[in-house]
Amino acid sequence: KPITTDMVTLTQEIDKYARDKKYEIESLQVREEYRKEFLGNISHELKTPLFTVQSYILTLIDGAADDKNIREKYLDRASKGVERLIFIVNDLDMITKLEVGDLSLKIEEFDIVELVSNVFEMFEMKASKKRITLTFDRLYTEPIYVNADKERIQQVLTNLIVNSIKYGHDKGTTEVSIENLIKNKVIVRVTDNGEGITQNNIPRLFERFYRVDRSGSRKEGGSGLGLAIVKHIIEAHDEKIYVESDLGVGSEFSFTLEKTK
Ligand code: ADP
């Protein structure tokens with residue numbers, strides 16, 4: 001009977017509408033929570049270096065500037081604080097663009113072996129200061145061509161290598177390796193024998209501003225945005241990022257890329 005059918009259809013539609021609305025409201029609430037947390041985190045991260053800079057400047061104004069040594073020391077510290085602010089704002093800018101989808105990828109063919117070597121060169125000094133050895137398996141005498149956004153992949157490698165140095169032990173090692181996978185893929189691994197991460201922290205590592213040991217990490221500088229940026233870039237390529245880590249043993253971050261040949 002047409003009327004019954006119509007009633008059933010109507011009821012189903014009303015139900016569906018109610019479900020959709022409920023879902024819409026719930027996801028709006030979640031987004032609002034997320035937004036509040038994000039804003040709270042930004043102001044927290046910015047406040048620390050801002051107060052530092054302000055305190056050095058105020059002390060200088062109060063008379064500390066008269067002594068040449070103290071003046072230089074305080075100006076240097078204030079300048080480091082400003083550097084840190086710039087670093088955080090740059091990371092924020094990058095993550096905002098990535099999240100809004102404003103940052104289109106420039107996919108090109110390039111040699112990933114060469115890129116890893118170049119990034120290594122940039123960080124050899126920083127690593128040697130902590131007596132950390134950077135090793136890149138010299139098995140790769142041949143180029144390995146991939147299709148990806150070179151500049152962004154450089155950023156990914158940089159963030160992972162910087163972390164392995166930051167959270168590495170004195171006289172530790174950071175090793176990068178590239179391995180062929182099936183189906184035209186390679187996997188790039190950045191492995192360290194540093195402090196490692198407890199299992200319960202692993203799922204949250206890629207969240208914006210998430211840091212395992214807030215006080216310890218802060219001593220090392222950083223914005224807590226590095227891994228969030230890494231994840232966005234790799235996922236924008238439709239590739240995967242993995243992490244394996246053991247407290248006190250070390251960590252391995254790896255990601256896949258598409259080979260051209
Ligand atoms: P941060 O600026 O704090 O380094 P990231 O997003 O790059 O921010 O990393 C988030 C957190 O993950 C770090 O604060 C640190 O606790 C942990 N972490 C990242 N890489 C490593 C690593 N190689 N070894 C140990 N812990 C790491």
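The structure this text deals with has already been given above.
Summary of the structure given here. (Residues numbered from 1 in each chain as written. Predicted model: local features only at pLDDT ≥ 70, side-chain atom pairs only at ≥ 80, totals over all residues. Heavy atoms only, no water.)

Moving on: the site of the ligand. The ligand sits among 20 residues. The nearest are Y167, D192, R211, G224 and L227. D192 has a polar side-chain atom sitting 2.9 Å from a nitrogen atom of the ligand. A distance of 2.8 Å is found between an oxygen atom of the ligand and a backbone nitrogen or oxygen belonging to L227. In the complex, 98% of the free accessible area of the ligand, which totals 530 Å², lies under the protein chains. If you list the elements that add at least two residues to the shell around the ligand, you get helix 4 (150–166), helix 6 (226–236) and strand 7 (250–259). Looking at the shell around the ligand, the element that brings in the most residues is helix 4, giving 3 residues. Taken together, the residues of the shell around the ligand sort by class into 8 nonpolar, 9 polar and 3 charged. (Near = heavy atom within 4 Å. Polar contact = N/O pair within 3.5 Å; in protein donor to acceptor, adjacent residues only side chain to side chain. Areas by Shrake-Rupley, 256 points an atom, 1.4 Å probe, with all protein chains shown as cover. Helix = DSSP H or I, 4+ residues; strand = E, 2+ residues; numbered from the N terminus. Nonpolar A, V, L, I, M, F, W, Y, C, P; charged D, E, K, R; others polar.)

Relative to the helices and strands, D91 is located in helix 2 (residues 68–100). Discounting chain neighbours no more than four positions away, the residues touching D91 are S223, L225 and I229. (Contact = heavy atoms within 4.5 Å.)

Another aspect to go through is the pairing of strand 6 (residues 241–246). Of the two faces of strand 6, the one holding I241, V243 and S245 is buried and the one holding Y242, E244 and D246 is not buried anywhere. Sheet topology note: the strand 6/strand 7 ladder contains 6 bridges and is antiparallel. Within strand 7, the residue paired with I241 across the bridge is F255. Counting the residues in the hairpin turn of strand 6 and strand 7 gives 3 residues, including G248, whose phi is positive at 80 degrees. (Buried < 20%, exposed > 50% of the residue type's maximum accessible area, 1.4 Å probe, protein only. Pairing = 2+ DSSP bridges.)

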